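If you want the building blocks of each chain, they are given just below.
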Amino acid sequence: MVEEFKVGVIGAGYVGLVTGACLAQIGHRVTCVDRDEDRVAQLSAGRVPIYEPGLEEMVVRNARRGTLFFTGPGGLREVVRAADVVFIAVDTPQGEDGSADLSNVAAVAKSIGSVLAAAPREKPLLIVNKSTVPVGSGDYVSMLVCDGIDEAGGAGEPAEFRVVSNPEFLREGNALYDSLFPDRIVLGADSREALEAMRSLYDPIIAQSFPTDLDPRPKVSVPLVVTDLASAEMIKYAANAFLATKISFINEVSNLCELVGADVANVAAGIGLDERIGPRFLGAGVGWGGSCFPKDVAALRSVAREYDYEPVLLDATVAVNERQRRRVISKLQHDLHTLKGKRIALLGLAFKPNTDDLREAPSLRIAGELDSLGARVVGYDPVAGKAAARLSPGLRVVFDPYEALAGAHAAVVVTEWEEVRNLDLERAASLMDDPGLLVDGRNTLDPDAVRAAGLLYRGFGR
Ligand code: UDX
């Protein structure tokens, strides 16, 4: 029998919603609080305002069975008062200097403090940081909760709460899977009782004993990494920075492959079979984007600089990534020469497939650059098209890939959506200017098939 916890999740954005839905799914009673009343109204009506496969079904299922609730800012006090555990899952946007902006986290910590001041507790409240915060923020949250207690005239007893760092590693598009079947759960805390409580909260996931439709389960049990607060916070940054560096590394190798006449796909396969390296995240192309890698790498660089440490490897990781976007332009220029007046189709605009997220999407940078060079840019995306049109004024957006290709001098595969990978190449060739150029920014198409259809193929490092 699962020990049921009363859980409050503050911030019903991407991370908060996924966390809340999954905790409800494994047997806890969860209330998500968000300051945006519209969002709360939508969620209460069973509509999930973000694109994440399976999330809406899980939210609706748990709301129906009475394990998942939503409330606006007015409900915060009651949620915190009744909760055993409160997750802080508000965003930490990138500030102007690259550092993480903690004002949302700080405001939540203070209001938790003011609730603690008003209502003495039998058991300490567990305050779990799910937002990605710079190393040392656990202590900062404690301090702000104490400030909140003081300001509200409470006794300021630190015994009334414990702070835990519990970073998430979920990928957009795979968030439910990554939450329910994680490679590991990381818990950072400075108190044994907080860790024990967190271990019980996550027991159904650690033991893989919660109900699921997936059969057989992909995992038998999930390892727990128990550590201090600062190390848990560093694990999150180090994981994302490592993956971003791995991609930039293969991109550097792919550029060298082009120079010496090697094929990066074979090189990646060859090095990836070494278990110390591993085969994943060795896909060369236009580089990494999204909401996590750019923000977290920037925040880690900024932390390093605060300590007067020159993060040379992270600087290079970012420089290589920026160069990859520009390589699309040089590849187009190599074959088309001037881009002025040329029609260029961008296939896929979201930062990766199966999401509508355009944050730090390579497409936007490439479209902007092409526009400034006088090209006529047409973009296609099965999901993110409308949002892209708003963000990139020089980009004409269409909702059919063949409409984008009609009359195009070149097409660039920017996001490897299924619709793009399964493109009818013959049809593409017949619609494009002759001979159409195809720049495969994700090395996702078969070069021989593209050439057989009568198109000119340019990949990255192959
Ligand atoms: C990532 C991490 O995977 C996740 O653990 C973390 O918590 C949040 O950041 P996400 O941003 O959703 O998740 O995307 P992911 O699927 O990891 O891809 C990141 C970026 O790398 C994308 O832009 C993708 O296109 C790019 N990528 C990935 C490559 O360029 N090559 C690869 O081989 C793999």
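What counts, and where the lines are drawn
- Residues numbered from 1 in each chain as written.
- Predicted model: local features only at pLDDT ≥ 70, side-chain atom pairs only at ≥ 80, totals over all residues.
- Core = buried A, V, L, I, M, F, W, Y, C linked by C-beta atoms within 7 Å.
- Buried ≥ 20, exposed ≤ 12 C-beta atoms within 10 Å, placed from the backbone.
- Helix = DSSP H or I, 4+ residues; strand = E, 2+ residues; numbered from the N terminus.
- Domains from an automatic or database assignment.
- Contact = placed C-beta atoms within 7 Å.
- Near = placed C-beta within 6 Å.
- Nonpolar A, V, L, I, M, F, W, Y, C, P; charged D, E, K, R; others polar.
- Pairing = 2+ DSSP bridges.
- Axes fitted to C-alpha atoms, helices over the stretch in contact; angles between N-to-C directions.
- Right-handed = clockwise from strand over helix to strand, strands pointing away.
- Arc of directions from axis to C-beta.
- UniProt positions renumbered as here; feature names shortened; annotations may be inferred.

A word on the nonpolar core. Val86, Ile88, Ile127 and Val145 are the most contacted members of the largest nonpolar core, which totals 89 residues. Sort the elements by how many residues they give to this core and helix 10 (residues 229-260) lands first, with 9 residues. When residues of this core are assigned to domains, at least three fall in each of domain 1 (6-227) and domain 2 (228-462). Sequence-distant contacts of Val145, that is, excluding residues within four places in its chain, are made with Ala109, Ile112, Gly113, Leu116, Ile127 and Phe161. If you look at the next biggest cluster of nonpolar residues, it comprises 47 residues, including Leu339, Leu358, Ala428 and Val450.

It is worth spelling out the site of the ligand at this point. Every one of the 20 residues lining the ligand counts as a neighbour, but Glu172, Gly283, Trp288, Gly290 and Cys292 are closest to it. A total of 3 residues in the shell around the ligand trace back to one element, the largest contributor, which is helix 10. A breakdown of the residues in the shell around the ligand according to their chemical character gives 10 nonpolar, 6 polar and 4 charged. Both domains that meet at the shell around the ligand, namely domain 1 (6-227) and domain 2 (228-462), each give it at least three residues.

Quick look at the sheet that holds strand 9 (residues 343-347) now. Here 6 strands make up an open sheet; going across it, the order is 11-10-9-12-13-14 and the pairing parallel. Across the chains shown, the open sheet's two edge strands, defined by having one partner strand only, are strand 11 (395-398) and strand 14 (456-458). Mean inter-strand twist for the sheet, computed between neighbouring axes without regard to direction, equals 20°. Helix 14 (residues 362-372) contacts strand 9, strand 10 (376-380), strand 11 and strand 12 (410-413) of the sheet and is inclined by roughly 160° relative to strand 10.

Attention now goes to the sheet that holds strand 2 (residues 29-33). A sheet is described by the order of its strands in space; here 8 strands give the open sequence 3-2-1-4-5-6-7-8, paired in mixed fashion. Looking at which strands have only one partner, the edges of the open sheet turn out to be strand 3 (68-71) and strand 8 (224-227). Each strand axis lies, on average, 25° off the axis of its neighbour in the sheet, ignoring direction. When strand 1 (residues 6-10) meets strand 4 (residues 85-88), the two strands line up parallel, connected through 4 bridges. Following the sheet pairing, Val9 is matched in strand 4 by Phe87. Docked against the sheet, helix 1 (residues 14-25) engages strand 1, strand 2, strand 3 and strand 4, running at close to 165° with respect to strand 2.

Buried residues dominate strand 5 (residues 125-129), accounting for 5 of its 5 residues. Residues Leu125, Ile127 and Asn129 line one face of strand 5 and the alternating positions Leu126 and Val128 line the opposite face, and both faces are buried. As judged from the 4 bridges shared by strand 4 and strand 5, these two strands associate in the parallel manner. Along strand 5, the bridge assignment pairs Ile88 with Asn129. Relative to strand 6 (residues 161-165), strand 5 is paired through 5 bridges, and the arrangement is parallel.

What follows concerns the pairing of strand 10. The buried fraction of strand 10 is high, at 4 of 5 residues. Bridge analysis of strand 9 against strand 10 gives 5 bridges, and the strand direction is parallel. Bridging across to strand 10, Arg343 finds its partner in Arg376. In terms of handedness, the path from strand 9 via helix 14 over to strand 10 forms a crossover that is right-handed. Relative to strand 11, strand 10 runs parallel, the two being bridged by 4 bridges. From the neighbouring strand, Gly379 faces strand 11, where its bridge partner is Val397. At this point the chain moves from strand 10, through helix 15 (residues 385-391), to the parallel strand 11, and the crossover so formed is right-handed.

Glancing now at unusual backbone geometry. In this model, Asp434 is joined to Pro435 through a cis peptide bond whose omega is -10°. Residue position: Pro435 is located in the loop between helix 18 (425-431) and strand 13 (437-440). Phi is positive for Phe281, which is not a glycine, with a value near 60°. By secondary structure assignment, the location of Phe281 is in the loop between helix 11 (264-272) and helix 12 (293-306). Of note, the phi angle at His337 is positive, near 60°, even though the residue is not glycine. Among the secondary structure elements, His337 is positioned in the loop between helix 13 (312-336) and strand 9.

The subject of this paragraph is helix 3 (residues 55-64). Turn by turn, an α-helix covers 3.6 residues, leaving residues three or four places apart pointing in a common direction. Within the sequence span of helix 3, burial applies to Met58, Val59 and Asn62. Projected down its long axis, helix 3 shows its buried positions confined to an angular sector of 100°, all on one face. The inward-facing, buried residues of helix 3 abut helix 1, helix 2 (37-44), strand 3 and helix 7 (175-180). Two residues or fewer past helix 3, Gly66 is found with a positive phi of approximately 80°.

The next point concerns the UniProt feature "binding site: substrate" (unreviewed entry) in the protein. The feature "binding site: substrate" (unreviewed entry), as annotated in UniProt, sits at Phe169, Leu170, Arg171, Glu172, Lys236, Phe281, Leu282, Gly283, Ala284, Gly285, Gly289 and Lys352 in this numbering. The largest pairwise C-alpha distance within this set of annotated residues, which runs over 184 residues, is 24.6 Å, so the set is dispersed in three dimensions. Of note, Gly283 is situated in the loop between helix 11 and helix 12. Here Gly283 falls in the buried class, since 20 other C-beta atoms lie within 10 Å of it. Sequence-distant contacts of Gly283, that is, excluding residues within four places in its chain, are made with Arg442 and Asn443. Mapped onto the elements, Gly285 comes out in the loop between helix 11 and helix 12. Those residues in contact with Gly285 that sit more than four places away from it in its chain are Gly441, Arg442, Asn443 and Phe460.

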